[in-house]
Amino acid sequence: MSLLLKNNGALSLLMLNIFLAMSAYGLVVPVMPTLMKELGLTGAAVGSLTAAFAVTQLLFSPWAGRLCDTVGRKKAIVAGLALLAVSEAIFGIASSLSLLFGSRLLGGVGLALIFPGIMAFTADVTTEDERAKGMGFVSAAMSTGFIIGPGLGGFLAEYGMRVPFYTAAVVISLSAILTWLVLPESLKIARSGSIEPSSSATTSHSLVSQLMLSRKAPYFFALLVLLILGFGLSNFETVFGLYLDVRHQFGPRDIALIMTIGAIVGVIIQIGLLDMLVKKFGEIRVMYIGLAFAGASLLLIVWVHSYWSVLFFTILIFAACDLLRPAASTFLSKMAGDDQGYVAGLNSTFTSIGTIAGSMAAGVLYDWSLSLPYIVAGITFLGCFAGMVMRQIRNRKPTLGLNDKKG
């Protein structure tokens, strides 16, 4: 029996946890206009609140990755869920900007613990042949949570502006308890013994030192792909509603429908194609495919005008990005060896850097020109694709798969 089938119950619980975490991240979106009026917030304050979650995730991810390799995956995941539940409760009772910021910053720490813990756990309980499928399921749960979060927030807010956050606090707390009671410790499974600290010397370094040291790692280019993915996807999503409203005069329902259909079809494509593509072409070639399609689609979407053509390219963008993330994460986990938590922490760190930079850049670029966020994001994706091709030519390797060990 395969490890993936043997541990499908644990994997389902991990998918639930990452789904809840990403849903919690997006709950705030539909209540922001009301919060602005109620607390007299400026647009800059709202933007800072959105970025605060990613900032602490970035700062704490390397430490969280080390923690996963020392105390174990389960404890890190449960601790992250507990912090996230507390942060949601604080947001629900907050009546000042300082408390709102404190809530979002604490939530980012929680996500910093949850993400590498789940990624490392998934790597522990899958074989190399099954790794892409396992990472694909986890990534699909992330994407689905990100999609559904704002919708759930809007639905629950009908019963009161604070209800979404109280509900999230209760549900995430229950999930933390369930995880503590039933989830095994995968680090013991992976090493067939007691939990031992990672032997990697790099795990003792600071955030800046780890970022510098990662440049020498054979998987550094995959980390760069995740950074580019975070940057490009944030550029696309941050101002997409504004872009569709101004450029195409689409109403809220049309915008919500385009984003929801595009994202859901992207997840379906990811689940249906990722494992097959990785087995046929290898992780690196799948990254090539994702970068090329995402870059081209972002450039082309600014030239189309009909509802259906916008929907078509939105689906392509989400599908390409939904192939990129698990392909890069699978490659990283195969290269990580015993440092699964540490490398998963770097995964989260580079993704957070890209997300923060993309979110900040999108607003500035949009003020300059309506289409500029998409042009810049498309060029960035295609530039990364060209860089990977040049790297392959320079290294003169006969294959483009995982056998390319020297980065």
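Residues numbered from 1 in each chain as written. Predicted model: local features only at pLDDT ≥ 70, side-chain atom pairs only at ≥ 80, totals over all residues. Heavy atoms only, no water.

1. Observations regarding helix H11 (residues 220–238)
Taking 1.5 Å of rise per residue, 19 residues should cover 27 Å, and H11 covers 27 Å from first to last C-alpha, within 8% of that figure. Burial of H11 is extensive: 16 of the 19 residues sit out of reach of the surface. (Helix = DSSP H or I, 4+ residues; strand = E, 2+ residues; numbered from the N terminus. Expected span 1.5 Å × (residues − 1). Buried < 20%, exposed > 50% of the residue type's maximum accessible area, 1.4 Å probe, protein only.)

2. Some words on the packing of helix H14 (residues 283–300) against helix H15 (residues 307–336)
Running from N to C, H14 and H15 point in directions that differ by 155°, and their axes come no closer than 8 Å. Here H15 runs roughly antiparallel to H14, going by the angle between their axes. Handedness of the crossing formed by H14 with H15: left-handed. Here H14 contributes Glu283, Ile284, Val286, Met287, Gly290, Leu291, Phe293, Ala294, Ser297, Leu298 and Leu300 to the contact with H15, which in turn contributes Phe313, Leu316, Ile317, Ala320, Cys321, Leu323, Leu324, Ala327, Ala328, Thr330, Phe331 and Lys334. For the contact of H14 with H15, the residue count by class is 18 nonpolar, three polar and two charged. (Axes fitted to C-alpha atoms, helices over the stretch in contact; angles between N-to-C directions. Parallel < 35°, antiparallel > 145°, perpendicular 65-115°, else oblique. Left-handed = near helix turned anticlockwise from the far one by under 90°. Contact = heavy atoms within 4.5 Å. Nonpolar A, V, L, I, M, F, W, Y, C, P; charged D, E, K, R; others polar.)

3. Some thoughts on helix H6 (residues 97–124)
With 28 residues, H6 extends 41 Å between its outermost C-alpha atoms, agreeing within 8% with the 40 Å of an ideal straight helix rising 1.5 Å per residue. Counting buried positions along H6 gives 21 out of 28 residues, so the element sits mostly inside the fold.

4. Things to note about the nonpolar core
Among the nonpolar cores identified, the biggest contains 62 residues, and Tyr219, Phe236, Met287, Ile301 and Phe381 are the most heavily contacted of them. Going through the elements one at a time, H11, helix H12 (240–248), helix H13 (252–281), H14, H15, helix H16 (340–368) and helix H17 (372–395) are the ones with two or more residues in this core. Excluding residues that lie within four positions of it along the chain, tyrosine 219 makes contacts with Phe331, Leu332, Met335, Tyr342, Val343 and Leu346. The next biggest cluster of nonpolar side chains, apart from the first, holds 42 residues, and it includes Val31, Ile114, Ile118 and Phe165. (Core = buried A, V, L, I, M, F, W, Y, C linked by side-chain atoms within 4.5 Å.)

5. Details of the environment of asparagine 347
By the element assignment, asparagine 347 lies in helix H16. Asparagine 347 sits in the buried class, given a relative accessible area of 4%. With 22 residues separating them in the primary sequence, asparagine 347 and arginine 325 have C-alpha atoms 9.7 Å apart. Excluding anything up to four places from it in sequence, asparagine 347 contacts Phe115, Leu223, Leu226, Ser329 and Leu332. Within the structure, the side chain of asparagine 347 is placed 3.0 Å from the side chain of serine 329, a separation counted as a polar contact. (Polar contact = N/O pair within 3.5 Å; in protein donor to acceptor, adjacent residues only side chain to side chain.)

6. Here we look at the packing of aromatic side chains
Tallied over the full model, the rule gives ten aromatic pairs. When the ring of phenylalanine 91 is compared with that of phenylalanine 165, the centres are 4.6 Å apart and the planes differ by 40°; the resulting orientation is tilted. Note that phenylalanine 91 is positioned in helix H5 (residues 73–93) and phenylalanine 165 in helix H8 (residues 163–182), a separation of 74 residues in sequence. Each member of the pair, phenylalanine 91 as well as phenylalanine 165, carries the same accessibility label: buried. A cation sits over an aromatic face here: lysine 74 above tryptophan 180, 5.0 Å from the ring centre. (Phe/Tyr/Trp six-rings, centres within 6.5 Å; stacked < 30°, edge-to-face > 60°. Lys NZ or Arg CZ within 6 Å of the ring centre and 35° of its normal.)

Distances and angles like these do not, on their own, reveal function.
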